[in-house]
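If you want the building blocks of each chain, they are given just below.
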Amino acid sequence: MNGPEIERLIQLLGRLPGLGPRSARRVALHLLKKREVLMQPLSTALADAARAIRSCTSCGNLDTVDPCSICADPRRDAGLICVVEDIGDLWAMERGSIFSGRYHVLGGTLSALDGIGPDELNIARLIARLGPETELILALNATVDGQTTAHYLADRAARSGARISRLAQGVPLGGELDYLDEGTLTAALKARRAFQ
């Protein structure tokens, strides 16, 4: 129905998260209709990003410089390292502007079912960054794989003498108890603290 170039564009767009075949067709059509104001600048931006962006050799973040701007920032506390599963989690933490330390991106979680072991993740580089003066904050998702990875990292990091902590889990701000699952309620109850 369409030429091979259009079909290839639709197929590539369909590989993006959140875009199925229909959404990819709509996006492709929109781009083609707005070639000069949207498609060509997007094409240039994608080529520039592919050429300039690299992975930080220290933490695994993406940036145009190595080390990344977060690792190179002298105002950041180098003794405070927050471990996240992927770059999207790092970006989410940065959006809140609430963390003044540095990060470490694992690149996923341990998963026996998917064949992902410690060697497939950025764990060795993390352990090399730790020492007795370091606090390691485990900011991994509250999934089975996330918790398995957190326990593995805690065991490995304990040998370095680093202090190990994790993000609090439980009732979200503005959350209603009636809408929470049992696992969230259990975590919240176990992590209760004195009322201030």
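To be clear, the structure that these remarks concern was listed above.
Because the structure is predicted, anything quoted here is derived from the model rather than measured.

*Asks:* Quick question: what am I supposed to make of the overall build of the chain here?
*Replies:* Within the chain, the regular secondary structure consists of eight helices and six strands. Shown N-terminal to C-terminal, the secondary structure of the chain runs as helices and strands in the order α-α-α-β-β-α-β-α-β-α-β-α-β-α. The C-alpha radius of gyration computed for the chain amounts to 21 Å, which surpasses the reference 16 Å derived for 196 residues by more than 25%, pointing to a less compact arrangement than a globule. Considering only contacts in the chain between residues 6 or more positions apart, those separated by 24 or more positions represent 47%. Of the roughly 13100 Å² that the chain leaves accessible, carbon and sulfur atoms contribute 56%. Taken as two groups, the 23 positive and 23 negative side-chain charges of the chain have centres that lie 4 Å from each other.

*Asks:* Would you explain a nonpolar patch on the surface in this entry?
*Replies:* Taken together, the side chains of Ile53, Leu62 and Trp91 make up a nonpolar region of the molecular surface, amounting to roughly 290 Å² of accessible area. Considering the arrangement of structural elements, one finds tryptophan 91 in helix H5 (residues 87-95). According to the relative accessible area criterion, tryptophan 91 is partly exposed, its value standing at 47%.

*Asks:* Just checking my understanding: could you explain helix H1 (residues 4-14) for this structure?
*Replies:* Side chains that are three or four residues apart share a direction in an α-helix, a result of its 3.6 residues per turn. Of all the residues in H1, the buried ones are Leu9, Ile10 and Leu13. Down the axis of H1, the sector holding all buried residues measures 95 degrees, keeping them to one side. In H1, the exposed positions that point more than 90 degrees away from the buried face belong to Pro4, Arg8 and Gln11. If you follow the buried residues of H1, they end up packed against helix H2 (21-33) and helix H3 (35-52).

*Asks:* Would you explain the state of the cysteines in this entry?
*Replies:* Inspection of every chain in the model, using the stated rule, returns zero disulfides. Cysteine 59 takes part in no disulfide bond, and the closest cysteine sulfur, belonging to cysteine 71, lies 3.7 Å away. Exposure remark for cysteine 71: the relative accessible area of 9% places this residue in the buried category.

*Asks:* Any chance you could explain the side chain of aspartate 73 here in plain terms?
*Replies:* When you line up the elements, aspartate 73 lands in the loop between helix H4 (69-72) and strand E3 (77-84). Here aspartate 73 falls in the buried class, since its relative accessible area comes to 15%. Polar side-chain contacts of aspartate 73 include one of 2.9 Å to the backbone nitrogen of arginine 75.

*Asks:* Help me understand the sheet that holds strand E5 (residues 135-138) in this model?
*Replies:* Consider a sheet: its strands pair through backbone hydrogen bonds, and that pairing is either parallel or antiparallel. Taken in spatial order, the four strands make up an open sheet running E4-E3-E5-E6, and their pairing is parallel. Of all the strands in the sheet, just strand E4 (101-105) and strand E6 (163-166) have a single pairing partner and so form its edges. Here the average twist between neighbouring strands, direction ignored, is 25 degrees. Across five bridges, the pairing between E3 and E4 is parallel. Within the sheet, the bridge partner assigned to isoleucine 81 lies in E4 and is arginine 102. Where H5 meets the sheet, its contacts fall on E3 and E4, and the angle it forms with E4 comes to roughly 160 degrees. Contacts between helix H7 (residues 144-158) and the sheet are confined to E3, E5 and E6, with E6 contributing the most and set at about 165 degrees to the helix.

*Asks:* Which parts of the structure should I look at to understand the pattern of salt bridges?
*Replies:* Between side chains of opposite charge, pairing is possible as soon as their charged atoms come close. This structure, assessed with the given rule, holds five salt bridges. For the salt bridge of arginine 76 with glutamate 94, the shortest nitrogen-to-oxygen distance reads 2.6 Å. Taken together, the positions of arginine 76 in the loop between H4 and E3 and glutamate 94 in helix H5 put the pair 18 residues apart, joining distant regions of the chain. With a relative accessible area of 14%, arginine 76 lands in the buried category.

Definitions and cut-offs
In this numbering scheme, every chain counts its residues from 1 along its sequence in written order. With pLDDT at 70 or above as the cut-off, local features in this predicted model cover only qualifying residues; side-chain atom pairs require 80 or more to be listed or tallied, and sums for whole chains, interfaces and linings still use all residues. In computing side-chain values, all of the structure's heavy atoms are included and hydrogens and water are not. Secondary structure is summarised from DSSP: a helix means a run of H or I of at least four residues, a strand means a run of E of at least two, and numbering begins at the N terminus for each. Based on C-alpha atoms, the radius of gyration is set beside the globule rule, defined as 2.2 Å times the residue count to the power 0.38. We call two residues in contact whenever any of their non-hydrogen atoms come within 4.5 Å of each other. For the accessible areas, the method is Shrake-Rupley and the probe is 1.4 Å, while residue cover comes only from the protein chains on display. All tallies of charge rest on Lys and Arg as positive and Asp and Glu as negative; His and the ends of each chain are not included. The atom standing in for a charge is NZ when the residue is Lys, CZ when it is Arg, CG when it is Asp and CD when it is Glu. A patch is a set of surface residues, each over 30% in relative accessible area and not in a salt bridge, joined within 9 Å for like charges and within 5 Å for the nonpolar side chains Val, Leu, Ile, Met, Phe, Trp and Tyr. In the sections that follow, a salt bridge refers to a side-chain nitrogen of Lys or Arg positioned within 4 Å of a carboxyl oxygen of Asp or Glu. Burial classes: relative accessible area under 20% of the type maximum marks a residue as buried, over 50% as exposed, and values in between as partly exposed (1.4 Å probe, protein chains only). Directions pointing from the helix axis toward each C-beta atom define the arc. In plain terms, two cysteine sulfur atoms within 2.5 Å form what is called a disulfide here. Under this definition, polar contacts are N or O atom pairs within 3.5 Å; protein pairs additionally need one hydrogen-donor-capable and one acceptor-capable atom, and for neighbouring residues in sequence, both atoms have to be side-chain atoms. Strand pairing is assigned whenever DSSP detects at least two bridges linking the two strands. A fitted line through C-alpha atoms represents every axis, and for helices the fit uses only the stretch in contact; the resulting angles, taken between N-to-C directions, go from 0 to 180 degrees.

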